[in-house]
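Report on the structure
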Number of protein chains: 2
Amino acid sequence: MVTHDMTVGIVGLGLIGGSLARRLASRGVRTIAWNHRDHPYAQAERDGIRCVASLHDLAQARPDAIVLCNPLVAMPTVLAQLADAIDPTATTLTDVGSVKGMVRDQVDAAGLGACYVGAHPMAGNERSGWSAADPSLYDDALWALTVRDDTTYERFLTVARLILDGAGNRMIVVDDDTHDRAAALISHMPHAVATALINELADDPDRNIAAALAAGSWRDMTRVALTDPDRTRAMIDEDAANVETLLRSMAGRLTAVADALRDGDADAMTRFFAQGQPFRDYKARPAANDAAVETRDLRIDPAGEWQAALLESARAGEHIIGLAGDRTVMRVQTRSAL
Amino acid sequence: MVTHDMTVGIVGLGLIGGSLARRLASRGVRTIAWNHRDHPYAQAERDGIRCVASLHDLAQARPDAIVLCNPLVAMPTVLAQLADAIDPTATTLTDVGSVKGMVRDQVDAAGLGACYVGAHPMAGNERSGWSAADPSLYDDALWALTVRDDTTYERFLTVARLILDGAGNRMIVVDDDTHDRAAALISHMPHAVATALINELADDPDRNIAAALAAGSWRDMTRVALTDPDRTRAMIDEDAANVETLLRSMAGRLTAVADALRDGDADAMTRFFAQGQPFRDYKARPAANDAAVETRDLRIDPAGEWQAALLESARAGEHIIGLAGDRTVMRVQTRSAL
């Protein structure tokens, strides 16, 4: 297996990094790790993860990829230390952050932009820390990889192999801005909406009566507003411009429904409830991850506009499920097409 | 047990009515029922529910209470047939609808307003019909009872006994408008917001990428938008004025956050995330239904403004958990106080 030739360095053995390190090691990938405290090291070593004393040591091991799984607040310090020690000819830098533009800016500021490919695995739960780390967190996970026009195909391929062969996961490839707008749409903006909902209740003079009547729909729609508000705020601040645009769009949609209700405009109400039907139909279709999904080969020209070709594939709802042996052929399945 | 002296008539043996009929019968309440089709009758009779051939027969049995569990669209027809047969001196009329103002208008229109007390049990699931009926649907359920200034204490007490002693449930007592505003806040308006969210995705040129990245927060916040849009639309239309007001308020909140993000207004963001803290704290407290909740007696003056006293209790987050033997003393517990 090609990944047996690969060495991956993990920075940060929290929930996301620890789970990834354990998964890679269990799948036969040479995995080394550094954590800001060494309490997970004994267990990690038993799991086949080689733990090192410093970021300098991690970089000096010249892994094929270093995956930044540290908190965003630690990013400038971590990048400064790596910048002094990394061999950019040997190592490609990637990360697991949920907002890509800001991480790329920080990587650029550290002078490491040329060896960076962004990554965001759709994996996580309410827990945190090494004690919650579990390789199965990445079962059937989809990653978004972010590239830009000057990303080399070689570096992209290193991170792609890490995800497809190393972690055994799927991926889509987009640019930073497309990623951050999509993440704002399905996560960051909805978090703000959920927070506005609990504010609406907290402000109501009959809030105790409303709380008494609250049932499943309220519980589901406000669950994310109950998690650490500081974390939610940081997430929204990191993707502020996209969230701002989407919140204004949502405000316009809600106002339009209010107007339709005031005017008794049945046609406008019909349009409002019809508009999202493609998403209802998509969710009602049988799960796309069964054997019936057709697989096709997507041939890439590393000398051409391969970034645009992969973005086009993602826009079509295709997920890359593996490499077809040849390093320029991706196996893709249509998994998320509305 | 006082409810053994009570006869309850159920109109409609669907999920909500069938479950209630089975629960009442299993708890020793004389229960009679009518359904627009007689397919559930054999099973219902085995469950101890006496089934009758017509609404006329149901009314002529002079039950203490008749509970309208029929669909809202059938309400005018059902009420017209009951109006001809009911003995208002013997029977109090109630229902299980999720919007109270509209039902009361229909009951008034049928000339039955004087014998009506509104009711709305917080019970239900995604299923429907007699085949899904289950007495445990009402386990630990809370009901909202709605009264107005001319509701007699006697009629109120009949429905209160049906809920507290008959179904073994809890209740709060409010007026129609307070109920319908609270229901709009925690259910009807959020359903419109969830629909607007899926519209936002369906309209996005990168909708397939967004759908690929969608995870738990998106799934939870849009779940109710996937259920039958016609049913959601009907629910919103029935409570249109309250939903309209709340949607405008939500649009204002979302616009304010967008402005704060544009302006980098950290204070406004801090206020936004602090505003709902009372609800987060309320949800983080240990479940209120344990034995530690203090019980107090609330003495009612049936000749005084008892409606206002009960509304005040509901506003304080108190739930009525039983009658204290005396017909004018309610046992209450503080269960939903932010």
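Residues numbered from 1 in each chain as written. Chains lettered and ligands numbered in written order. Predicted model: local features only at pLDDT ≥ 70, side-chain atom pairs only at ≥ 80, totals over all residues. Heavy atoms only, no water.

Residue and element names in this part refer to chain B. If you walk across this open sheet you meet the five strands as 3-2-1-4-5, and the pairing is parallel. Each of the sheet's edge strands pairs with one partner strand only, and the pair in question is strand 3 (49-51) and strand 5 (92-95). Strand-to-strand, the axes of this sheet are offset by a mean angle of 25 degrees, without reference to chain direction. Inspection of the sheet shows strand 2 (residues 30-34) paired to strand 3 by three bridges, in the parallel sense. Its bridge partner lying in strand 3, T31 is registered against I49. Packed onto the sheet, helix 4 (residues 75-85) meets strand 1 (7-11), strand 4 (65-68) and strand 5 and runs at close to 160 degrees relative to strand 4. (Pairing = 2+ DSSP bridges. Helix = DSSP H or I, 4+ residues; strand = E, 2+ residues; numbered from the N terminus. Axes fitted to C-alpha atoms, helices over the stretch in contact; angles between N-to-C directions. Contact = heavy atoms within 4.5 Å.)

Looking at the element boundaries, A241(B) is found in helix 11 (residues 240-263). Once the C-alpha coordinates of A241(B) and A184(B) are considered, the two residues, 57 residues apart in sequence, prove to be 9.3 Å apart.

All names here are of chain A. Under the domain assignment used here, chain A contains domain 1 (7-174) and domain 2 (179-274). Measuring from the centre of the C-alpha atoms in domain 1 to the corresponding centre in domain 2 gives 33 Å. Facing 11 residues of domain 1, the contacting portion of domain 2 comprises nine residues. At the boundary of domain 1 with domain 2, total buried surface from both sides reaches about 780 Å², with 55% on carbon and sulfur atoms. For domain 1, the biggest contributors to the area lost against domain 2 are S98, V99 and E126; these three give 49% of the whole. At the boundary of domain 1 with domain 2, the tally comes to zero salt bridges. (Domains from an automatic or database assignment. Buried area = accessible area lost by both parts, 1.4 Å probe. Salt bridge = Lys/Arg side-chain N within 4 Å of Asp/Glu carboxyl O.)

The next thing to look at is unusual backbone geometry. Non-glycine residue D140(A) carries a positive phi angle of around 55 degrees. Structurally, D140(A) can be placed in the loop between strand 6 (118-121) and strand 7 (142-146). When its relative accessible area of 43% is taken as the criterion, D140(A) is described as partly exposed. Here R62(B), not a glycine, exhibits a phi torsion of approximately 50 degrees, which is positive. The topology assignment puts R62(B) in the loop between helix 3 (55-60) and strand 4. (Buried < 20%, exposed > 50% of the residue type's maximum accessible area, 1.4 Å probe, protein only.)

In this section: the pairing of strand 11 (residues 326-334) of chain A. All names here are of chain A. As defined by bridge partners, strand 9 (residues 295-299) adjoins strand 11 across five bridges and the pair is classed as antiparallel. When the bridges of strand 11 are listed, L298 appears paired with M330. By the bridge criterion, six bridges tie strand 10 (residues 318-324) to strand 11 in an arrangement that is antiparallel. Paired with H319 across the strands is Q333, a residue of strand 11. Following strand 10, the chain reverses through one residue before pairing antiparallel with strand 11; G325 in that reversal takes a positive phi of roughly 85 degrees.

The full count for this structure, using the stated rule, is 14 aromatic pairs over all chains. Seen from their ring centres, F279(B) and Y282(B) are 5.9 Å apart, and the 45 degrees between their planes marks the pair as tilted. Linking F279(B) with Y282(B), this pair stays in helix 13 (residues 277-284), spanning three residues, or about one helical turn. Through successive ring pairs, a cluster of aromatic residues spans Y153(A), F156(A) and W306(A). (Phe/Tyr/Trp six-rings, centres within 6.5 Å; stacked < 30°, edge-to-face > 60°.)

Moving on, we come to the relation of the copies chain A and chain B. Take chain A, turn it by 180 degrees, move it 0.0 Å along the axis, and it overlays chain B with an RMSD of 0.1 Å. This pairing of chains is accounted for by a two-fold axis. In this assembly the copies share their binding face: 100% of the residues contributing to the interface of chain A also contribute to that of chain B. (Least-squares fit on C-alpha atoms with pLDDT ≥ 70 in both.)

What follows deals with the pattern of salt bridges. A full pass over the atoms with the stated rule returns 44 salt bridges over all chains. Of the charged contacts in the structure, one is a salt bridge between R253(A) and E200(B), with a shortest N-O distance of 2.8 Å. Highlighted residues: R253(A) in helix 11 (residues 240-263) and E200(B) in helix 7 (residues 176-203), drawn from two different chains. For E200(B), a relative accessible area of 6% puts it in the buried group.

Turning our attention to the interface of chain A and chain B. Each partner contributes residues to the interface: chain A has 92 residues there, and chain B has 92 residues. Buried surface at the junction of chain A and chain B, summed over both partners, amounts to about 8300 Å²; 68% is from carbon and sulfur atoms. Scanning the region where chain A abuts chain B turns up 12 salt bridges. When the shortest N-O distance is used, the salt bridge between D206(B) and R315(A) registers 2.5 Å. Here chain A is connected to chain B by 35 residue pairs in polar contact (both at pLDDT 80 or more). For the side of chain A that touches chain B, the leading source of residues is helix 7 (residues 176-203) of chain A, giving 23 residues. Across the side of chain A that touches chain B, the residue classes tally to 53 nonpolar, 21 polar and 18 charged. (Polar contact = N/O pair within 3.5 Å; in protein donor to acceptor, adjacent residues only side chain to side chain. Nonpolar A, V, L, I, M, F, W, Y, C, P; charged D, E, K, R; others polar.)

Residue and element names in this part refer to chain A. Here five strands make up an open sheet; going across it, the order is 3-2-1-4-5 and the pairing parallel. Two strands close off the open sheet at either side, each with one partner strand: strand 3 (49-51) and strand 5 (92-95). Direction aside, the axes of adjacent strands within the sheet are offset by 25 degrees on average. Its contacts with the sheet place helix 4 (residues 75-85) against strand 1 (7-11), strand 4 (65-68) and strand 5, and it is angled at close to 160 degrees to strand 4. Helix-sheet contacts for helix 6 (residues 153-166) involve strand 1, strand 4 and strand 5, and the interaxial angle to strand 5 is about 50 degrees.

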